[in-house]
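Spelled out from the first residue to the last, the chains are:
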Amino acid sequence: MGTYGRLFEPILREKLARPFVHVLFGGRQTGKSTLVRGLLPEGALIIDFSDPKERRRFSENVGLFVDICNALPAGRESEWVFVDEAQTVPSVFDSIQSLYDRDKTRFRFVLCGSSARRLRSQSANLLPGRSMRYLLHPLVSREYEPVERTQGFSAKASPFSWGNTLSQPPRFPCRSLEDRLVFGDLPGVAVLNSETDKADLLETYAAAYLEEEIRRETVVREWGAFLRFLRFAASDAGGIVNFSSISRETGISSPTVKSYYQLLEDMFVGFSVPAYSGSPRKSVLSSPRFFFFDNGVRNAALGLPLAEGLVRSEPGRLFEHWAGCQLWRNLSYSKGGRLEYYRTSDGAEVDFIVREGENVIPIEVKWTENPSRKDARHLKAFMADQPERCGRGFIVSRCPYVLDLGDSVTAIPWWYL
């Protein structure tokens, strides 16, 4: 794949200097192992539990990890120990606690994991008071080379609080919006030129991970029912979750549907966006929206034909789902706010709300190159309801320039996200 800069790299490098156990979570193929290995000093001990033989060896001998670490030379500098897919051998967390509590400076532990489900289900030791936990996502726009028509564009001009943090060079190759809507933003996909190769990689991901890995990691009694749910969840991604309705359509009980959604979140395959609760209106909906963590994975899980022509069939929906993922990732990295949405039973809606303390930023997503004042009507209504919290609203679109639409509404190009 080559070495490309990641937005989270300087943040993680600074964090690793602190004397704690560092745990990096994230979905498969988001680049966790690559990022960590690039930051480890030469000679670090690496234990990879994605290798079935290694996983079996350490599972059968719970004292092996401690014995190996104790055999490392004790010196003035900490010995680095990296454990990949650590959640597959939960007992390693107890071993790390024992070693860390005995001597907080001898070892520097770094762990990666693509699932929190097994750790939670087995009440595994999550090292409270000893660990710092992070989440790595697929790529955001600042991790790509800028599109050709905006070579002078600076993320510093972004209206959002995360705009001043730039990704480290070299960045990933520039890609069109349509390509990202169909194939998503996994690093391994972003470096491929062939649509066929991208489609093959994502279809393998859906089959090998979303099905085989989840089946191995979990206790799903009705596998056929889960696969029905998975397809439905992918089809409905970005929509408001109605457990009763999904139960009727899939023939799966509501409690089981809820547990399946939680499973996808535990595996970092999806995330929920809660409803905005600060409105004076009493008719505001309260159910969350659910998103897959990546457009390409969502499209592959649904079995859609993976080619740029897919955008013509549902451009607005693909664009809105992609924008939600970009907002979610940026807010996760910046820790500068919370992502919500707004909808009422009488039809008033705003696609996304970024809540930053007492202030809120309403955002609409429109598949248009020429956003107009008419596209801003929901933003204006929302802002009129809450003038003390809301200073400006934004429309994310395909417009090539920033546009002032009046009444404190600004249209911004998609690459600002």
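Our subject is the structure listed above.
None of these values were measured; they are calculated from a predicted model.

1. Some words on the sheet that holds strand β4 (residues 107-113)
Here is step 1: Here we have five strands laid out as an open sheet, ordered β2-β3-β4-β1-β5, and parallel in their pairing. The sheet is open, and its two edges are formed by β2 (45-48) and β5 (131-135), each paired on a single side. The sheet shows a mean angle of 15° between the axes of neighbouring strands, direction not considered.
Here is step 2: Summarising the sheet, β2 and strand β3 (residues 79-84) pair through four bridges and their orientation is parallel. The residue bridging isoleucine 47 from the neighbouring strand is valine 83, located in β3.

2. Examining the nonpolar core
Here is step 1: One finds Leu210, Phe226, Phe229, Leu264 and Phe292 to be the most contacted residues of the largest nonpolar core, which totals 71 residues.
Here is step 2: Top contributing element to this core by residue count: helix α10 (residues 223-235), with eight residues.
Here is step 3: The contacts of leucine 264, once residues within four sequence positions are left out, are Ile214, Phe226, Phe229, Leu230, Ala233, Val269, Gly270 and Phe290.
Here is step 4: One finds Phe25, Val66, Leu72 and Ala86 within the second-largest nonpolar core, a separate group that totals 27 residues.

3. Quick look at the pattern of salt bridges
Here is step 1: In the structure shown here, the tally under the stated rule is 20 salt bridges.
Here is step 2: Residues arginine 180 and aspartate 185 are paired through a salt bridge, measuring 2.8 Å at the closest nitrogen-oxygen approach.
Here is step 3: Classification of aspartate 185 as buried rests on a relative accessible area of 1%.
Here is step 4: Between aspartate 185 and arginine 329 there is a salt bridge, with the nearest N and O atoms lying 3.5 Å from each other. Here the residue aspartate 185 occupies a position in the loop between α7 (177-183) and α8 (187-190), and arginine 329 occupies one in helix α14 (residues 315-334), the gap between them amounting to 144 residues.

4. Observations regarding the pairing of strand β9 (residues 349-356)
Here is step 1: Of all eight residues making up β9, six are buried, and the element is well covered by its neighbours.
Here is step 2: Pairing analysis gives five bridges linking strand β8 (residues 338-343) to β9, with the strands arranged antiparallel. From the neighbouring strand, tyrosine 342 faces β9, where its bridge partner is valine 350.
Here is step 3: In sequence, β8 turns back onto β9 through a hairpin of five residues, with glycine 347 there showing a positive phi of about 100°.

5. Structural notes on the sheet that holds β8
Here is step 1: Read across the open sheet, the six strands follow the order β8-β9-β10-β11-β13-β12; overall the sheet is mixed. In the strand order of this sheet, the two ends are held by β8 and β12 (403-406), each with one partner. Each strand axis lies, on average, 30° off the axis of its neighbour in the sheet, ignoring direction.
Here is step 2: For β9 and strand β10 (residues 359-365), the ladder comprises five bridges, and the chain directions are antiparallel. For valine 354, the partnering residue across the bridge sits in β10 and is isoleucine 361.
Here is step 3: Here α14 sits on the sheet and contacts β8, β9, β10 and β11 (393-397); the angle it forms with β9, its principal contact strand, is near 5°.
Here is step 4: Together, β8, β9, β10, β11, β12 and β13 (409-413) form the strand contacts of helix α15 (residues 377-385), whose direction differs from that of β10 by roughly 165°.

6. Considerations on the environment of leucine 403
Here is step 1: Here leucine 403 is to be found in strand β12.
Here is step 2: Overall, the relative accessible area of 29% leaves leucine 403 in the partly exposed class.
Here is step 3: It is 9.4 Å that separates the C-alpha atoms of leucine 403 and asparagine 370, two residues lying 33 residues apart in sequence.
Here is step 4: Apart from the residues lying within four places of it in its own chain, the contact partners of leucine 403 are Pro371, Val409, Thr410 and Ala411.

7. Comments concerning the environment of alanine 323
Here is step 1: Topologically, alanine 323 is positioned in helix α14.
Here is step 2: Residue alanine 323 is classed as buried on the basis of its relative accessible area of 0%.
Here is step 3: Sequence spacing of alanine 323 and phenylalanine 352 is 29 residues, and the spatial spacing of their C-alpha atoms is 9.2 Å.
Here is step 4: Not counting the four nearest positions on each side in its chain, alanine 323 is found in contact with Val365 and Leu417.

8. Brief notes about unusual backbone geometry
Here is step 1: The phi angle at glutamine 29 is positive, at roughly 70°, despite the residue not being glycine.
Here is step 2: A positive phi angle is found at phenylalanine 268, which is not glycine, with a value near 60°.
Here is step 3: Here phenylalanine 268 shows up in the loop between α12 (254-266) and β6 (270-273).
Here is step 4: Exposure remark for phenylalanine 268: the relative accessible area of 16% places this residue in the buried category.

9. Things to note about the state of the cysteines
Here is step 1: Per the counting criterion, the structure on display carries zero disulfides.
Here is step 2: With no disulfide of its own, cysteine 69 lies 16 Å from the sulfur of cysteine 112, the closest cysteine sulfur.

Criteria and thresholds
Residues numbered from 1 in each chain as written. Predicted model: local features only at pLDDT ≥ 70, side-chain atom pairs only at ≥ 80, totals over all residues. Heavy atoms only, no water. Pairing = 2+ DSSP bridges. Helix = DSSP H or I, 4+ residues; strand = E, 2+ residues; numbered from the N terminus. Axes fitted to C-alpha atoms, helices over the stretch in contact; angles between N-to-C directions. Core = buried A, V, L, I, M, F, W, Y, C linked by side-chain atoms within 4.5 Å. Buried < 20%, exposed > 50% of the residue type's maximum accessible area, 1.4 Å probe, protein only. Contact = heavy atoms within 4.5 Å. Salt bridge = Lys/Arg side-chain N within 4 Å of Asp/Glu carboxyl O. Disulfide = S-S within 2.5 Å.

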